[in-house]
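Take a look at the letters that make up each chain.
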Amino acid sequence: MDRAEYARGLDEAIEQAEESWSEGGIPIGSVLLDAAGNVVARGHNRRVQDGDPTAHAEVVCVRNARRRRDWSSLTLVSTLSPCPMCSGTAILLRIPRVVIGENRSFMGAEEWMRGQGIELVLMDDERCVALMERMMREKPDLWAEDIGQ
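Read on for an overview of the structure. Since we're looking at a predicted model, the values are computed, not measured.

Brief notes about the sheet that holds strand E3 (residues 75–78)
Taking strand neighbours across the sheet as the criterion, the 5 strands line up as E2-E1-E3-E4-E5 in an open arrangement whose pairing is mixed. Of all the strands in the sheet, just strand E2 (39–44) and strand E5 (119–122) have a single pairing partner and so form its edges. Each neighbouring strand pair of the sheet contributes to a mean axis angle of 15 degrees, computed without reference to strand direction. Pairing between strand E1 (residues 29–33) and E3: 4 bridges, direction antiparallel. Following the sheet pairing, Ser-30 is matched in E3 by Ser-78. The sheet contacts of helix H1 (residues 3–22) involve E1, E2, E3, strand E4 (97–100) and E5, and relative to E1 the element is tilted by about 140 degrees.

Quick notes on the environment of Ser-72
Inspection of the secondary structure puts Ser-72 in the loop between helix H3 (57–65) and E3. Taking C-alpha positions, Ser-72 is 5.4 Å from Arg-94, a pair spaced 22 residues apart along the chain. Those residues within four positions of Ser-72 in sequence are excluded, and the remaining contacts are Leu-93, Arg-94 and Pro-96.

Some thoughts on the environment of Ile-118
With respect to the secondary-structure elements, Ile-118 resides in the loop between helix H5 (110–115) and E5. With a relative accessible area of 7%, Ile-118 lands in the buried category. Residues Ile-118 and Leu-93, spaced 25 residues apart in sequence, show a C-alpha to C-alpha distance of 11 Å. Leave out the neighbours within four places in its chain, and Ile-118 touches Ala-90, Ile-91, Ile-95, Pro-96, Arg-97, Val-98 and Met-113.

About the criteria used
Residues numbered from 1 in each chain as written. Predicted model: local features only at pLDDT ≥ 70, side-chain atom pairs only at ≥ 80, totals over all residues. Heavy atoms only, no water. Pairing = 2+ DSSP bridges. Helix = DSSP H or I, 4+ residues; strand = E, 2+ residues; numbered from the N terminus. Axes fitted to C-alpha atoms, helices over the stretch in contact; angles between N-to-C directions. Contact = heavy atoms within 4.5 Å. Buried < 20%, exposed > 50% of the residue type's maximum accessible area, 1.4 Å probe, protein only.

Laid out in structure tokens, this is it:
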């Protein structure tokens with residue numbers, strides 16, 4: 001895959017983030033891509049909607065992918081740098097590549113993932129930055145809750 005295919009995956013993850021926001025949730029989205037760049041699963045943060053603190057976008061996306069044996073050929077795309085729980089999910093499943101929409105708003109466990117051999121692709125996408133800036137501006141208490149403050 002190349003950067004253009006990652007960008008198409010990020011477009012879909014952003015759609016997921018917008019869906020979460022429209023539901024009153026946290027605007028973070030994720031998709032899983034196969035080796036050909038096809039989306040095999042989608043997910044968005046559902047912490048608010050489900051009252052589940054573990055329902056982060058990446059975890060929901062992995063849950064939606066169901067049981068499979070090809071994790072080591074997939075790419076995880078997220079609008080925001082994955083937190084330690086979501087990074088641990090990628091490590092556990094041996095997902096070799098994580099595409100990150102942005103890490104200005106929140107720096108997840110990127111060094112840990114790199115240390116485990118995961119390739120990280122930072123897109124630094126302004127749309128992803130805008131999603132998080134909007135949340136921090138309009139729902140600062142929810143943002144503080146999401147990052148554990």
